[in-house]
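Here's the letter readout for the chains.
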Amino acid sequence: MWRPRPAKFLGLGDRRGVTELLDDLPFLANHPNATSQSTPLMAAVTTGRCDMIGLLVERGADMDTPNLEGNTAMGLALQLGHLDCADELLAQGDTVNRITTTGMERTLLNKVVAKEDDEVLAFILARDGDVNLADTKGRTALHVAVDAGAEVSLGLLLDHGANPNALNEEGWTPFLLAARYGKTSLLAAMLAHGGDTGSQSPVGETALHLAAAGGHGEAVERLIAAGADVTALDHLMMTALHRAAWAGHDATAERLLDGGAPLEATDNAACTPLHLAVMGGHQQTAGTLIARGAVIGALAHRGRNVLFLALEQGHTDLARFLHGQGISLDGRDDEGRSLLFPAATTGSVDTVNWLVKSGLDPNEADQNGVLPLHRAVGDGDVSTVRYLLDVTEE
């Protein structure tokens, strides 16, 4: 049987010819082509034949039918910028508040924002577009605008009531994402439209935690000025200063301290920001915290001080720096272990030699009778084992 292509079908002539063809073959009103599953209504939109839309709908064309990409006729009209056709579809009862049905199931508004097509965005918003409509992943257009860094689009959305605190299915708001990415201008715009500085990510991070962890100093300053709580704790009982120190963001740590962040707050492992800076091997940040008054002798979990933490992570140069800041080499942890124990495991033979020459006794066992030599044999290198064999008594 003869099966005309939709585009050819619409190009046959005037409305009278099309009407006569539909009178004879009414099924053609919804007949898809073989390649893209586009219907005559979609062909009308694609070719800009807005005058055909009313006729096709009157003859039974289904405005809800998608093509292989999940687009309806309205989706195509907005994608192509054929706004006259979109208006005609609206006049026939269609809506701009649609979600594509295959692949990445997104709202039409989300797709337009992802392209940063602000003309079409304004068109949708002026025609009762639901600014907070979420896709199947819970993402609103504001989430998409933040991901794309689309400042103009974001401003338009906020001006039309977009919610900066809307949660997607993973528990992230546009406001938190802007802080995470350090997009200060977007963050500021959302602060002016109700962005919640106390909201938390799925693991308890506030916007301040996220900005601090990323070293986004300007965002940190903006959040503190807006009243963000510098003492707020995440699921690990960390403050924003902990996060900045752990990542070695020295300038950001300074901004947090200027904003009143507590130096001696402890996380769920009894670590202060200084402990975390040391564990991360960040000498400059550690020096900054010490200069600002951090207690260098504070003990973390299991009674370990900053020297233990530095040597456990193999940061031997940092350990020497900390000793130079005034902390003694004579400390013991809760199991009675001297600094020779972590040094024998992760340090170089030069580090072990430095500690022995500084007065630490390689024959001193811990509470379980274990010697530094035992730890070196289990986890250290051959040169350290040889050195300790030479200096350890039988």
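No experiment lies behind these values; they were computed from the predicted model shown. (Residues numbered from 1 in each chain as written. Predicted model: local features only at pLDDT ≥ 70, side-chain atom pairs only at ≥ 80, totals over all residues. Heavy atoms only, no water.)

Peer 1: Provide a residue-level description of the overall build of the protein, including the pertinent values.
Peer 2: Looking only at helices and strands, the protein has 24 helices and 0 strands in total. In summary, the protein has a C-alpha radius of gyration of 33 Å against a globular reference of 21 Å for 394 residues, an excess of more than 25%. A principal-axis box enclosing the C-alpha atoms of the protein has dimensions of 110 × 50 × 25 Å. Out of the 394 residues in the protein, the part that is buried amounts to 48%. (Helix = DSSP H or I, 4+ residues; strand = E, 2+ residues; numbered from the N terminus. Rg over C-alpha atoms; globule rule 2.2 N^0.38 Å. Buried < 20%, exposed > 50% of the residue type's maximum accessible area, 1.4 Å probe, protein only.)

Peer 1: Hey, could you go over the nonpolar core for me, with residue numbers and the actual values?
Peer 2: By size, the foremost hydrophobic cluster in this structure holds 113 residues, and its most contacted members are Leu157 and Leu322. At 6 residues, helix H19 (residues 306-312) tops the list of elements feeding residues into this core. Leaving out residues up to four positions away in the same chain, Leu322 has contacts with Val278, Ile290, Ile296, Val306, Leu307, Ala310 and Ile327. (Core = buried A, V, L, I, M, F, W, Y, C linked by side-chain atoms within 4.5 Å. Contact = heavy atoms within 4.5 Å.)

Peer 1: Describe the packing of helix H9 (residues 141-148) against helix H11 (residues 174-181), and please don't skip the residues or the numbers.
Peer 2: Two numbers describe how H9 lies on H11: the axes approach to 9 Å, and their chain directions differ by 10°. Regarding the angle of H9 to H11, the classification is roughly parallel. Packed against H9, whose contacting residues are Leu142, His143, Val146 and Asp147, the element H11 presents Pro174, Leu177, Ala178 and Tyr181 at the interface. A per-class count over the contact of H9 with H11 returns 6 nonpolar, 1 polar and 1 charged. (Axes fitted to C-alpha atoms, helices over the stretch in contact; angles between N-to-C directions. Parallel < 35°, antiparallel > 145°, perpendicular 65-115°, else oblique. Nonpolar A, V, L, I, M, F, W, Y, C, P; charged D, E, K, R; others polar.)

Peer 1: Quick rundown of the environment of Pro262? Include the residues and the values.
Peer 2: Inspection of the secondary structure puts Pro262 in the loop between helix H16 (250-258) and helix H17 (273-279). The exposure class assigned to Pro262 is partly exposed, which follows from its relative accessible area of 26%. Through-space distance from the C-alpha of Pro262 to that of Val230 is 7.7 Å; in sequence the pair is 32 residues apart. Among all residues touching Pro262, those that are not within four sequence positions of it are Val230, Thr231, Thr239, Leu241 and Pro273.

Peer 1: Could you give an account of the packing of H11 against helix H12 (residues 184-191), with specific residues and numbers?
Peer 2: For the pair H11 and H12, interaxial distance at closest approach is 8 Å and the crossing angle is 150°. Judged by the angle between their axes, H11 and H12 are roughly antiparallel. As for how H11 packs across H12, the hand of that crossing is left-handed. Two secondary-structure elements touch here, H11 through Pro174, Phe175, Ala178 and Ala179 and H12 through Leu186, Leu187, Met190 and Leu191. Its residues placed into classes, the contact of H11 with H12 shows 8 nonpolar, no polar and no charged. (Left-handed = near helix turned anticlockwise from the far one by under 90°.)

Peer 1: Which residues make up the packing of aromatic side chains, and what are the values?
Peer 2: Per the counting criterion, the structure on display carries 0 aromatic pairs. Note that Arg180 overlies the ring of Trp172, its terminal NZ or CZ placed 4.6 Å from the centroid. A cation sits over an aromatic face here: Arg320 above Trp354, 4.5 Å from the ring centre. (Phe/Tyr/Trp six-rings, centres within 6.5 Å; stacked < 30°, edge-to-face > 60°. Lys NZ or Arg CZ within 6 Å of the ring centre and 35° of its normal.)

Peer 1: Lay out helix H15 (residues 240-247) in plain terms, naming residues and giving numbers.
Peer 2: For H15, the buried fraction is high: 6 of the 8 residues fall into the buried class. Inspection of H15 places Ala240, Leu241, His242, Arg243, Ala244 and Ala245 among the buried residues, and these make up the whole buried set. In this structure, the buried side of H15 is in contact with helix H13 (207-213), H16, H17 and helix H18 (283-291).

Peer 1: Which residues make up the side chain of Thr140, and what values do they have?
Peer 2: Positionally, Thr140 belongs in the loop between helix H8 (118-125) and H9. Looking at Thr140, the relative accessible area reads 3%, which means it is buried. If sequence neighbours within four positions are ignored, Thr140 has contacts with Asn110, Asn132, Leu133, Ala134, Ala166 and Pro174.

Peer 1: Which residues make up H16, and what values go with them?
Peer 2: Along H16, the residues that are buried comprise Asp250, Thr252, Ala253, Leu256 and Leu257. Down the axis of H16, the buried set is contained in an arc of 160°. They therefore lie on one face. Those residues of H16 that are buried are in contact with H13, helix H14 (217-225), H15 and H18. Of the residues flanking the end of H16, it is Gly260, one or two places downstream, whose phi is positive at about 100°. (Arc of directions from axis to C-beta.)

Peer 1: So what's going on with the environment of Ala73? Residues and values would help.
Peer 2: Position of Ala73 relative to the elements: it lies in helix H5 (residues 73-80). Distance from Ala73 to Asp366, taken between C-alpha atoms, is 76 Å for residues 293 residues apart in sequence.

Peer 1: Mind laying out the pattern of salt bridges, listing which residues take part and the relevant values?
Peer 2: Counted by the stated rule, this structure contains 15 salt bridges. A salt bridge links Arg139 to Asp147; the shortest N-O distance between them is 2.8 Å. By relative accessible area, which is 24% here, Arg139 ends up partly exposed. Taking the shortest distance from any N to any O, the salt bridge between Asp258 and Arg292 comes out at 3.0 Å. Here Asp258, found in helix H16, pairs with Arg292, found in the loop between H18 and H19; they are 34 residues apart in sequence, far enough to count as distant. The class for Asp258 is exposed, based on a relative accessible area of 59%. Under the relative-accessibility criterion, Arg292 is labelled partly exposed at 34%. (Salt bridge = Lys/Arg side-chain N within 4 Å of Asp/Glu carboxyl O.)

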